[in-house]
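Breakdown of the fold
Read off the chains here:
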Amino acid sequence: MGISDWPAHERPRERLISEGAAALSDAELLAIFLRIGVKGKSAVELARDMVAHFGSLHALFGASLIDFSKVHGLGAAKFAQLQAVIELARRAVEEQLEAGNQLNSPQAVKHYLRLIFGSKTHESFLVLFLDVKNRLIATKEMFRGTLTHTSVYPREVVKEALACNAASVMLAHNHPSGTPDPSESDLLLTRALSLALALVDVRILDHFVVAGHHVHSFAEHGQL
């Protein structure tokens, strides 16, 4: 039985309109995104297959086209649509921050970083450049590496901070295949960057390590 044959109060789209998006399950939200199912399966059933196959929304959003297409009924078109939705969400958050919203809340920063790092399979080192009121000036990927190592050059970070006229920065990198716990080299790098930036009167407010949904804050753990 297709979703159009369901009672109106059970259909995901009608429920979203009447109750709000937060009332729907992951599968129901995905079903609205899919719009239609495949032969023998409604959009909701196909969405449940997606959730079961990937195990989490984070894994689904970070899946490659090859992995995404392993679920019957999914392919390049749906993959492109999903990536577009994820990128729009990231840009919406960034737009708010660049419009003047202060980054005083660690949770706001963590949410922003999860969106940025969510689909990256390589290790990446980002710097968030802030003005004197902690408003975002720019977010820049300064260095990119393999799954296990990224070479970070303090001189380049200092140069970019001066170019942005930044008063402070937040550092962030990901551990694509590990935990958010910082390594000894992460701690040493943070100290080296702190010393280098202090020479030009730029403070490091925090350093975040992102691994999936988990984000480690150096500031929260007294590691700055």
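Just above sits the structure.
The following paragraphs examine the structure supplied in this document. (Residues numbered from 1 in each chain as written. Predicted model: local features only at pLDDT ≥ 70, side-chain atom pairs only at ≥ 80, totals over all residues. Heavy atoms only, no water.)

**Thoughts on the overall build of the protein**
In plain terms, the rule: Helix and strand labels come from DSSP, where a helix needs a run of H or I of at least four residues and a strand needs a run of E of at least two; each type is numbered from the N terminus. Buried means the residue's accessible area, taken with a 1.4 Å probe over protein chains only, is under 20% of the maximum for its type, while exposed means over 50%, and partly exposed covers the values in between. A contact between two residues is defined here by any heavy atoms of the two lying within 4.5 Å. Only the protein chains shown count as covering a residue, and every accessible area follows the Shrake-Rupley method with a 1.4 Å probe.
Helix and strand counts for the protein stand at nine helices and five strands. Split into buried and exposed, the 224 residues of the protein put 42% on the buried side. Long-range contacts, defined here as pairs at least 24 residues apart, represent 55% of the contacts in the protein between residues at least 6 apart. As displayed, the protein offers around 12,100 Å² of accessible surface, 55% of which is attributable to carbon and sulfur atoms.

**Describing the nonpolar core**
Applied cut-off: Definition used in this section: a nonpolar core is a set of buried Ala, Val, Leu, Ile, Met, Phe, Trp, Tyr and Cys residues joined via side-chain atoms within 4.5 Å.
Core analysis: the largest hydrophobic core is formed by 20 residues, its most contacted members being Leu 34, Met 50, Leu 60, Phe 68 and Leu 74. For this core, the elements supplying multiple residues, two or more each, are helix 2 (26-34), helix 3 (43-54) and helix 6 (76-98). Tallying contributions element by element places helix 3 first for this core, with six residues. Setting aside its immediate chain neighbours within four residues, Met 50 contacts Leu 30, Leu 34, Leu 60, Phe 68, Val 71 and Leu 74. Counting 19 residues, the second-largest nonpolar core is a separate cluster that includes Cys 164, Ala 166, Leu 189 and Leu 197.

**Things to note about helix 7 (residues 106-117)**
Condition: Helix span, expected: 1.5 Å multiplied by one less than the number of residues in the helix. Think of it as the arc spanned by the lines of direction from the helix axis to the C-beta atoms.
Between its first and last C-alpha, helix 7 extends 16 Å over 12 residues, near the 16 Å set by a 1.5 Å rise per residue. Looking at helix 7, one finds that the buried residues are Val 109, Lys 110, Tyr 112, Leu 113, Ile 116 and Phe 117. Looking straight down helix 7, one finds that the buried residues subtend no more than 165° of arc, so they occupy a single side.

**Some points on the packing of aromatic side chains**
The line we're drawing: Centre distance within 6.5 Å is the pairing criterion for rings of Phe, Tyr and Trp, where only the six-membered ring of Trp is used; planes under 30 degrees apart are then read as stacked, over 60 as edge-to-face, and the remainder as tilted.
Evaluation of the coordinates by the stated rule reveals three aromatic pairs. Seen in terms of ring centroids, Phe 68 and Phe 79 are 5.6 Å apart; in terms of plane orientation they differ by 65°. Their pairing is edge-to-face. Residue Phe 68 is found in helix 5 (residues 65-68), and its partner Phe 79 is found in helix 6; the two are separated by 11 residues along the sequence. Summarising the burial analysis for this pair, Phe 68 and Phe 79 share the class buried.

**Digging into the packing of helix 2 against helix 3**
Which entries qualify depends on this criterion: Axis definition: a line fitted to C-alpha atoms, over the contacting stretch in the case of helices. Angles run 0 to 180 degrees between N-to-C directions. Angular relationships are summarised with four words: roughly parallel below 35 degrees, roughly antiparallel beyond 145, roughly perpendicular across 65 to 115, and oblique for the angles in between. A crossing counts as left-handed when the near helix is turned anticlockwise from the far one by less than a right angle, and as right-handed when that turn is clockwise. When residues are grouped by polarity, Ala, Val, Leu, Ile, Met, Phe, Trp, Tyr, Cys and Pro land in nonpolar, Asp, Glu, Lys and Arg in charged, and all others, Gly among them, in polar.
The interhelical angle for the contact between helix 2 and helix 3, taken along N-to-C directions, is 120°, at an axis separation of 8 Å. Our classification of the angle between helix 2 and helix 3 gives oblique. Every pair of crossing elements has a handedness; the one defined by helix 2 and helix 3 is right-handed. Contact residues: Asp 26, Ala 27, Leu 30, Ala 31 and Leu 34 in helix 2; Ala 43, Val 44, Leu 46, Ala 47, Arg 48, Met 50 and Val 51 in helix 3. By residue class, the composition of the contact of helix 2 with helix 3 is 10 nonpolar, no polar and two charged.

**Some points on the sheet that holds strand 2 (residues 136-144)**
Applied cut-off: The pairing criterion is simple: DSSP has to find at least two bridges between the two strands.
A sheet is described by the order of its strands in space; here five strands give the open sequence 2-1-3-4-5, paired in mixed fashion. Each edge of the open sheet is held by one strand with a lone partner, namely strand 2 and strand 5 (214-217). Shown here is a sheet whose adjacent strand axes are inclined to one another by a mean of 20°, direction ignored. Strand direction decides the pairing type here: strand 4 (residues 203-211) and strand 5, joined by four bridges, are antiparallel. Residue Phe 208 lies in a different strand from strand 5, and its bridge partner there is Ser 217. Taken strand by strand, helix 7 contacts strand 1 (124-130), strand 2, strand 3 (168-174), strand 4 and strand 5, and its axis lies near 140° from that of strand 1. Sheet strands touched by helix 8 (residues 154-164): strand 1 and strand 2. Its angle to strand 2, the strand with the most contacts, is close to 160°.

**Digging into the side chain of Lys 110**
Heads up, the rule is: Polar contacts, as counted here, are pairs of nitrogen or oxygen atoms within 3.5 Å of one another; within protein the pair requires one atom able to donate a hydrogen and one able to accept it, and residues that are adjacent in sequence qualify only if both atoms are side-chain atoms.
Relative to the helices and strands, Lys 110 resides in helix 7. The buried category is assigned to Lys 110, whose relative accessible area is 7%. In this structure the side chain of Lys 110 is engaged in a polar contact, spanning 3.1 Å, whose partner is the side chain of Glu 220. Apart from the residues lying within four places of it in its own chain, the contact partners of Lys 110 are Phe 208, Val 215, Ser 217 and Glu 220.

**Here we look at the environment of Glu 141**
Tracing the sequence through the fold places Glu 141 in strand 2. On the basis of relative accessibility, which here comes to 33%, the residue Glu 141 falls in the partly exposed class. For the pair Glu 141 and Ser 124, spaced 17 residues apart in the sequence, the C-alpha separation amounts to 6.9 Å. Within polar-contact distance, the side chain of Glu 141 engages the side chain of Ser 124 at 2.5 Å.

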